[in-house]
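# Summary of the model geometry
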Amino acid sequence: MTTNAAPPRALIVGAGPAGALMAILLGRRGYRVDAYERRADPRQLPDADVERRSINLGLSHRGITALTRAGVIDDVMRTAVRAKGRVIHASDGRLSFQPYGSNEREILYSISRIALNRELIRHADRMENVRFHFGMRCDEVDRDAATAVFRGDDGRTERVQGDFVVGADGAYSTVRQWMHRNERADFHQEYLDWGYKELLIPAAPGGSSRIELEALHIWPRGDALIVSHPNPDGSHTATVFLPWEGPRSFATLQTETQVMRFFAEAFPDVPGLVPELAREFLGHPTGSLVATRTAPWHHRDRCVLVGDGCHAVYPFYGQGMNAGLEDCLVLDDQLGRHPADRQAAFAAYQNARKANTDALLELVKDNFDELRDTANQPTFVARKKLDLLLHRLFPERWIPLYTMVVHTTMPYAEALRRHRRQERLLRRLGVDAVLALALPALVAARRLAFRPVRGVPSAKARPPLTHA
Ligand SMILES: Cc1cc2nc3c(=O)[nH]c(=O)nc-3n(C[C@H](O)[C@H](O)[C@H](O)COP(=O)(O)OP(=O)(O)OC[C@H]3O[C@@H](n4cnc5c(N)ncnc54)[C@H](O)[C@@H]3O)c2cc1C
């Protein structure tokens, strides 16, 4: 930026995790920032509503790195719960624990989206050059002029002039649509033939958790899946994933009797954990799962996209938000590297990110099969064990895929390439064949892998205040 001219004005559309973080980063660079959000200010919501209305997200290394750089991590961590691994709930009621990494730093944090947003907005709003405008929906963007039209909740419209527009407005981005109008732009959107619905596993009387608190809980059934995230008050938010159609699907679960019969058969321990199961299941909305890929991510030096606005993925690697926060860091870095040439910064940002978020979508699709199907199978568990053992023996040369994706900032495409190389090597060595045939070894591996859940410390979360 030149020193004498007024700093450029950024219009950010959307104050979700990516938009609110971008407001902090651009504010720190000295830009004048106006962030427009169609929803109400999450700081006005009562605390009780935050947990009831919010989806829970798994925050991991990439997101933590971005939030640390923005100086908000300590406040964010105050509302997070540590998850050291996943507890698998088998159909026969047996529980087993799989750690998330090879050491105690390799864990996830469960955080409510609204709580995270509130902290980000609080931090951004402390800066004099950052302003938020809630209840303002972007209806139109002029990509060459960098103007945008916003409609308030009261119907009033306002045309705002910026120097550039940041589209942080999610998977159905209005900015993207206006930016790509009549352009030779690529856009791919797909829906999973599964949807999701949330249920609350309340805390037990006295506030303790009914299931291990510091873990994600997974009920993998092949044709149905539940994943639950812990909340600081001892409750858990469980997400039920099911096909939209078919014999065991949302379409066939329409009455209380059908719902209760289904859970008794597929997830026998769940009715004891969710007191109002049928009422919640039938009353809560069913969400769809969308994935998108697109290009370009920017228009000259006038518009740029971040987060789900340029790459929505299914939630099965817990990376959508983490990747969006990482986008913001990369964009901020590029603006720092090209202070006098915003178009070059935007282009370098797209170059650095797009191949990686495309790779993430591939990774997520594979992980869906793993989560719903194989997480519970002895061959899978034995392979995970072998991966961790090789990692301990050759820490630099052999890194499990999950570790690369979740516990490092290695570019996703490189993680995928390294994983494929590792897989090829194991295949050449015949490891898969050995695992499949050597039943006694499998049983031993299974015993090793399935540590009883009572071995997991059950102290209520005390998230650390600092993160390197
Ligand atoms: C069930 C589920 C579980 C998930 N779990 C995880 C997880 O564990 N870990 C993880 O990393 N990710 C997870 N994700 C993905 C994560 O939620 C998204 O990747 C993340 O929210 C994207 O952030 P964003 O800021 O880019 O977009 P969004 O969160 O979609 O925010 C966009 C914002 O823009 C606003 N907006 C939209 N249109 C306009 C407009 N026209 N004008 C003004 N404002 C507008 C919206 O109101 C919203 O506040 C999950 C997703 C789902 C559905």
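This text goes with the structure placed above it.
What you see is a predicted model, and the numbers here were worked out from it, not measured in a lab. (Residues numbered from 1 in each chain as written. Predicted model: local features only at pLDDT ≥ 70, side-chain atom pairs only at ≥ 80, totals over all residues. Heavy atoms only, no water.)

Quick look at the sheet that holds strand β15 (residues 225-230) now. With mixed pairing, the 7 strands of this open sheet are ordered in space as β6-β5-β14-β15-β16-β13-β17. Two strands close off the open sheet at either side, each with one partner strand: β6 (95-99) and β17 (287-295). Averaged over all adjacent pairs, the angle separating strand axes in this sheet is 25°, with direction ignored. Here strand β13 (residues 186-201) runs beside β17; their pairing, made up of 8 bridges, is antiparallel. Note on β17: the bridge partner recorded for Phe187 is Thr294. (Pairing = 2+ DSSP bridges. Helix = DSSP H or I, 4+ residues; strand = E, 2+ residues; numbered from the N terminus. Axes fitted to C-alpha atoms, helices over the stretch in contact; angles between N-to-C directions.)

To continue, consider the sheet that holds strand β4 (residues 81-83). As summarised here, the arrangement of the 3 strands in space is β3-β7-β4, forming an open sheet in which the pairing is antiparallel. Each of the sheet's edge strands pairs with one partner strand only, and the pair in question is β3 (56-59) and β4. Direction aside, neighbouring strands of the sheet carry axes that sit 35° apart on average. Of the pairings in the sheet, the one linking β4 to strand β7 (residues 108-112) comprises 3 bridges and is antiparallel in character.

All right, on to the nonpolar core then. Counting residues in each nonpolar core, the largest one holds 67 residues, and the members touching the most others are Ile12, Leu21, Met22, Leu26, Leu59 and Leu67. With 8 residues, the single largest contributor to this core is helix α1 (residues 17-28). When sequence neighbours within four positions are dropped, the list of residues in contact with Leu67 reads Leu21, Leu59, Val72, Ile73, Val76, Leu116, Leu120 and Leu325. Core analysis: the next-biggest nonpolar cluster, separate from the first, contains 36 residues, Val313, Tyr314, Phe368 and Tyr402 among them. (Core = buried A, V, L, I, M, F, W, Y, C linked by side-chain atoms within 4.5 Å. Buried < 20%, exposed > 50% of the residue type's maximum accessible area, 1.4 Å probe, protein only. Contact = heavy atoms within 4.5 Å.)

Below, the discussion takes up the site of the ligand. Around the ligand, the surrounding shell holds 30 residues, and the nearest of these are Glu37, Gly58, Arg113, Cys138 and Asp308. Taking Glu37, its side chain carries an N or O atom lying 2.6 Å from an oxygen atom of the ligand. Taking Met321, its main chain carries an N or O atom lying 2.9 Å from an oxygen atom of the ligand. When isolated, the ligand has an accessible area of 1,000 Å², and the protein chains bury 89% of it. Elements represented by at least two residues in the shell around the ligand include exactly α1, β2 (32-37), β3, β9 (136-142) and α9 (320-337). Tallied by class, residues from the shell around the ligand come to 12 nonpolar, 11 polar and 7 charged. (Near = heavy atom within 4 Å. Polar contact = N/O pair within 3.5 Å; in protein donor to acceptor, adjacent residues only side chain to side chain. Areas by Shrake-Rupley, 256 points an atom, 1.4 Å probe, with all protein chains shown as cover. Nonpolar A, V, L, I, M, F, W, Y, C, P; charged D, E, K, R; others polar.)

Turning our attention to the pattern of salt bridges. Under the criterion given, the structure shown has 31 salt bridges. Between Arg342 and Asp301 there is a salt bridge, with the nearest N and O atoms lying 3.6 Å from each other. Here Arg342 is found in helix α10 (residues 342-374), whereas its partner Asp301 is found in the loop between β18 (298-299) and β19 (303-305), with 41 residues between them in sequence. Taking relative accessible area as the criterion, Arg342 reaches 15% and is therefore assigned buried. On the basis of relative accessibility, which here comes to 23%, the residue Asp301 falls in the partly exposed class. Between Arg420 and Glu362 there is a salt bridge, with its nearest N and O atoms 2.7 Å apart. With a gap of 58 residues between them, Arg420 in helix α13 (residues 412-428) and Glu362 in helix α10 connect regions that are remote in the sequence. Of the residues examined, Arg420 reaches a relative accessible area of 40% and is grouped as partly exposed. For Glu362, a relative accessible area of 38% gives the class partly exposed. (Salt bridge = Lys/Arg side-chain N within 4 Å of Asp/Glu carboxyl O.)

It is worth spelling out the side chain of His407 at this point. Turning to its location among the elements, His407 is positioned in helix α12 (residues 401-407). A distance of 2.9 Å separates a polar atom in the side chain of His407 from the backbone oxygen of Tyr100. When near neighbours in sequence (up to four residues on either side) are disregarded, His407 contacts His61, Tyr100, Gly101, Glu106, Ile107, Leu108 and Tyr402.

The next subject is the packing of α1 against α9. In the contact formed by α1 and α9, the axes pass within 9 Å of each other and the chain directions differ by 25°. It follows that α1 is roughly parallel to α9 by the angle criterion. The handedness of the crossing between α1 and α9 is right-handed. Facing α1, whose interface residues are Pro17, Ala18, Leu21, Met22, Leu25 and Leu26, α9 presents Met321, Gly324, Leu325, Cys328, Leu329, Leu331, Asp332 and Leu335. Of the residues in the contact of α1 with α9, the class split is 12 nonpolar, 1 polar and 1 charged. (Parallel < 35°, antiparallel > 145°, perpendicular 65-115°, else oblique. Left-handed = near helix turned anticlockwise from the far one by under 90°.)

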